[in-house]
Amino acid sequence: MTGRGVPGAVLRAAWRQAGTTLRRKYTTAAGLGSVVTVVIVLGVLLLVRDVDFSGGQVAAGGYLLSGFLAFGAVAAAVMGVAGELQTEREDGTLLRAKAVPHGMSGHLIAKLLVTPLDALVPVIPMVVGASILLPGTMPTDLGRWLLLLLVYLLAVAAMLPWGAVLGSVFRTMMGLAWSMIAIYGLAALSSLFFPVTAMPTWLQWVAQASPLYWIGLAFRWVLLPESAAVVEIGGVWRAGVTLAVLAAWAVVGMIVAPVLLRRMARRQSGSVVAAARERVLNKGY
Amino acid sequence: MAYGAKVVLDAVDLDIPRGQVVALLGPNGAGKTTTVEILEGFRRPGAGEVEVLGVDPAHAPEAWRARVGVVLQSWRDHGTWRVAELLEVMGAYYAPYATPEVQRPWDTEELLERVGLADHHRQRIDRLSGGQRRRLDVAIGLVGRPELLFLDEPTTGLDPAGRRDVHDLVADLADLDTTILLTTHDLAEAEKVADRLLILAGGAIVADGSPDELRLQLSRSSEVRLRDLTTGEVSVHAEPDPTAYLTEVLTARRGEVQVVEVRAASLEDVYLDIVRRAEAGDDLGSLRSLQEVTR
């Protein structure tokens, strides 16, 4: 038994796993469902393109587009990862990974490779569609495009560990469904789709406790004109604070998530998978 | 080993030599799955010592994992993947553990041929039949060429043809000197594929021996059915060895009786009797030591 070259072999296996996961996901109808959602969102944006907030200073189309992009990052990183972990725990994927040497490490590496790309897939048609249908809502110079990519990846990095936390904490699909409803509520409270200053001051403070608020703010800072800051708290973008807060959420999440993931992996066994299967057969969820 | 106040396993003492095919039998809740999960390293025992391939599975390094194959009954994963894709990805994790003697992973095409899935390597996994899915699970358990393979109820849900295929596969693996521990509810299956049967009941291994040993040496109820040719009455006599009884009756009542049936207790009779006695709290110590006595 040699065991030589293990890190390289695990990376190669994880890379192969990530590639197959993406290929199989986006060559099935279910995987392409996210693209259909983009078409619906673009239709809504087209309908509200002439609406504005704050006496004409902020176009509703651009504001909502930034909100949808922000929510897309949250959905992919939190709901996507949490839902996948839940499914993988119940269908035996995680146990399968645990049963092969370094399989769990490889599985998590593959997930880290897949998730950012997974998050970008629905964004690309959204960005292309918005560039064509909603002129003026997308960046016009390379620097701004790169900034948009940076903000997107930072938002995914800030939220991905928390998706893993939710996926490992909730043991049933029903529990996870309740947490997803809470995230929709948080998205509404975090003013992703309307100006935060439209809410009472105390609710504005509550909104700022949520990472979703800062993700939305980051997207608006990159995508909206300078004048749109008038509907933000203090009338300014607070870009430095925004990036620092998102980085902090990412760091704390990356400390907490591995602990919970290790605990979850340790508890995986055939009887846990069998019990989940039994529950689904009996209760339907 | 206990779940809360309920003791599931107590004083399980087990030693499996390399290359043996062992079937672990027991009623529901006897602790079969818990025993196997402890041996697989998926669960830590509450007390005692466990050593599998010379290592404590609860603290085993990844190199140990490369020597062990696991086939569970509940896997439903990677439905949209193709058969060969899953085998190749899982196999890639074993590559660093190849040795000059043991090629790891097993070549995908060769392995699919061996498990009878050669014609399905491009098929979506969620479109395989139950039997084909089971064969794929076995193939994944084998992809690292394990020295020890755990099979959890390998034929559950399979039709007769699928069951026969799995039985043949186990026989093939035994020929390759792979040690196999399988759990099953099916006594006929255990008798067919295993060199040795372990019966788990009341939290302990209550019988341990080859199918023949268990059937012949533990039988306490060989039945002789005699019909009186005059009255037509059928009488039943049971004892471990009815030879002397038969000789005596046939000599003393020559021409008066017809032997209807002499029936040795089936393995099922033995199994049910052992389990019933174990669960009633009878002392089965002599059965437990059968392995040492008969070897």
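Residues numbered from 1 in each chain as written. Chains lettered and ligands numbered in written order. Predicted model: local features only at pLDDT ≥ 70, side-chain atom pairs only at ≥ 80, totals over all residues. Heavy atoms only, no water.

## Digging into the overall build of chain A
And then number 1: What chain A contains, in helices and strands, is eleven helices and two strands.
And then number 2: The order of helices and strands in chain A, counted from the N terminus, is α-α-β-β-α-α-α-α-α-α-α-α-α.
And then number 3: Taking the principal axes of the C-alpha coordinates as reference, chain A spans close to 70 × 40 × 35 Å.
And then number 4: Buried residues in chain A amount to 50% of all 285 residues.
And then number 5: Long-range contacts, defined as pairs at least 24 residues apart, comprise 75% of the intrachain contacts of chain A with a sequence gap of at least 6. (Helix = DSSP H or I, 4+ residues; strand = E, 2+ residues; numbered from the N terminus. Buried < 20%, exposed > 50% of the residue type's maximum accessible area, 1.4 Å probe, protein only. Contact = heavy atoms within 4.5 Å.)

## Quick look at the overall build of chain B
And then number 1: A count of helical and extended segments in chain B gives twelve helices and eleven strands.
And then number 2: Looking at chain B residue by residue over its 295 residues, the buried ones come to 51%.
And then number 3: Across chain B, every contact between residues at least 6 apart in sequence was considered, and the portion connecting residues at least 24 apart equals 68%.
And then number 4: For chain B, the accessible area works out to roughly 13,700 Å², and carbon and sulfur atoms hold 47% of it. (Areas by Shrake-Rupley, 256 points an atom, 1.4 Å probe, with all protein chains shown as cover.)

## Focus: the domain arrangement of chain B
And then number 1: As far as domains go, chain B holds domain 1 (2–215 + 269–294) and domain 2 (222–264).
And then number 2: Of note, the centres of domain 1 of chain B and domain 2 of chain B, computed from C-alpha atoms alone, are 43 Å apart. (Domains from an automatic or database assignment.)

## Concerning the packing of helix H6 (residues 142–169) of chain A against helix H9 (residues 211–223) of chain A
All names here are of chain A.
And then number 1: Close contact between H6 and H9 brings their axes to 9 Å; oriented N to C, the two are set at 175°. As summarised for this structure, H6 and H9 are arranged roughly antiparallel, according to the angle between their axes. In this structure, H6 contributes Arg144, Leu147, Leu148, Val151, Tyr152, Ala155 and Met159 to the contact, and H9 contributes Pro211, Leu212, Ile215, Ala218, Phe219, Trp221, Val222 and Leu223. (Axes fitted to C-alpha atoms, helices over the stretch in contact; angles between N-to-C directions. Parallel < 35°, antiparallel > 145°, perpendicular 65-115°, else oblique.)

## What to know about the sheet that holds strand S7 (residues 196–201) of chain B
All names here are of chain B.
And then number 1: Read from one edge of the open sheet, six strands run S4-S5-S6-S3-S7-S8, paired in mixed fashion. The open sheet has two free edges, formed respectively by strand S4 (68–71) and strand S8 (204–209), since each of these has just one partner strand. Across the sheet, the axes of successive neighbouring strands diverge by a mean angle of 15°, strand direction being ignored.
And then number 2: By the bridge criterion, four bridges tie S4 to strand S5 (residues 148–152) in an arrangement that is parallel. Paired with Val68 across the bridge in S5 is Leu148.
And then number 3: Lying on the sheet, helix H6 (residues 160–175) is in contact with strand S3 (21–25), S5 and strand S6 (179–183); it crosses S6 at an angle near 150°. (Pairing = 2+ DSSP bridges.)

## Examining the environment of Ala66 of chain B
Residue and element names in this part refer to chain B.
And then number 1: Mapped onto the secondary structure, Ala66 falls in the loop between helix H2 (62–65) and S4.
And then number 2: The buried category is assigned to Ala66, whose relative accessible area is 0%.
And then number 3: Sequence separation of Ala66 and Tyr97 is 31 residues, and the distance between their C-alpha atoms is 6.8 Å.

## Digging into the interface of chain A and chain B
And then number 1: Taken together, the 39 residues of chain A in the interface contact 40 residues of chain B.
And then number 2: In total, about 3,400 Å² of surface goes out of reach between chain A and chain B, with carbon and sulfur atoms giving 60% of it.
And then number 3: For the interface between chain A and chain B, the tally reads five salt bridges.
And then number 4: Salt-bridge contacts for Glu88 of chain B lead to Arg16 of chain A; the nearest nitrogen and oxygen are separated by 3.4 Å.
And then number 5: Applying the counting rule to chain A against chain B returns eleven residue pairs in polar contact (both at pLDDT 80 or more).
And then number 6: At the level of elements, helix H1 (6–25), helix H3 (60–91), helix H4 (93–98), helix H5 (103–133) and helix H11 (270–283) of chain A are the ones that each hand at least two residues to the side of chain A that touches chain B.
And then number 7: The residue inventory of the side of chain A that touches chain B, partitioned by class, reads twelve nonpolar, 17 polar and ten charged. (Buried area = accessible area lost by both parts, 1.4 Å probe. Salt bridge = Lys/Arg side-chain N within 4 Å of Asp/Glu carboxyl O. Polar contact = N/O pair within 3.5 Å; in protein donor to acceptor, adjacent residues only side chain to side chain. Nonpolar A, V, L, I, M, F, W, Y, C, P; charged D, E, K, R; others polar.)

## Topic: the pairing of S8 of chain B
Residue and element names in this part refer to chain B.
And then number 1: Most of S8 sits inside the fold, with five of its six residues counted as buried.
And then number 2: Strand direction decides the pairing type here: S7 and S8, joined by five bridges, are antiparallel. Its bridge partner being in S8, Ile199 is matched across the sheet by Ala207.
And then number 3: Following S7, the chain reverses through two residues before pairing antiparallel with S8; Gly202 in that reversal takes a positive phi of roughly 60°.

## Here we look at the nonpolar core
Side chains of nonpolar character tend, in soluble globular proteins, to be buried together.
And then number 1: In this structure, Leu69, Met159, Ile183, Ile215 and Phe219 of chain A are the most contacted members of the largest nonpolar core, which totals 76 residues.
And then number 2: Considering every element that reaches this core, the biggest residue donor is H3 of chain A, with 16 residues.
And then number 3: Those residues in contact with Phe219 of chain A, other than ones at most four positions away along the chain, are Ser66, Leu69, Ala70, Leu148, Val151, Tyr152 and Ala155 of chain A.
And then number 4: With 63 residues, the next largest nonpolar core counts Leu22 of chain A together with Leu112, Leu142 and Leu169 of chain B among its residues. (Core = buried A, V, L, I, M, F, W, Y, C linked by side-chain atoms within 4.5 Å.)

## Looking at a nonpolar patch on the surface
And then number 1: A contiguous nonpolar surface patch, about 470 Å² in accessible area, is contributed by Leu142, Trp145, Leu146, Leu149 and Leu153 of chain A.
And then number 2: Residue position: Leu149 of chain A is located in helix H6. (Patch = residues over 30% accessible without salt bridge, like charges linked within 9 Å, V, L, I, M, F, W, Y side chains within 5 Å.)

## A few points about helix H3 (residues 83–92) of chain B
And then number 1: With respect to burial, H3 of chain B is a largely interior element, nine of its ten residues being buried.
And then number 2: Along H3 of chain B, the residues classified as buried are Val83, Ala84, Glu85, Leu86, Leu87, Val89, Met90, Gly91 and Ala92 of chain B.

## Here's the deal with the confidence of the model for chain A
It should be kept in mind that the predicted coordinates are not to be read in detail where pLDDT is low.
And then number 1: Residues at a pLDDT of 70 or more form 96% of chain A, whose mean pLDDT is 86.
And then number 2: No element of chain A has a lower mean pLDDT than H11 of chain A, which averages 74, and none a higher one than H9 of chain A, which averages 94. (pLDDT = per-residue confidence, 0-100.)

## Description of the pairing of S5 of chain B
As a general feature of sheets, a regular strand has side chains that alternate between the two faces.
Residues and elements named next belong to chain B.
And then number 1: Most of S5 sits inside the fold, with five of its five residues counted as buried.
And then number 2: Residues Leu148, Phe150 and Asp152 line one face of S5 and the alternating positions Leu149 and Leu151 line the opposite face, and both faces are buried.
And then number 3: Pairing geometry for S5 and S6, over five bridges, is parallel. Opposite Leu149, over in S6, you have Ile180 as the bridge partner.

## Here's the deal with the environment of Thr140 of chain A
And then number 1: Structurally, Thr140 of chain A can be placed in the loop between H5 and H6.
And then number 2: Given the relative accessible area of 78%, Thr140 of chain A is considered exposed.

## Section: unusual backbone geometry
And then number 1: Looking along the chain, the bond that leaves Arg104 of chain B and enters Pro105 of chain B is cis, with omega of -5°.
And then number 2: On the secondary structure map, Pro105 of chain B appears in the loop between H3 and helix H4 (108–115).
And then number 3: Unlike most non-glycine residues, His102 of chain A shows phi in positive territory, near 60°.
And then number 4: Note that His102 of chain A resides in the loop between H4 and H5.
And then number 5: The backbone of Leu53 of chain B sits at a positive phi, close to 55°, despite the residue not being glycine.

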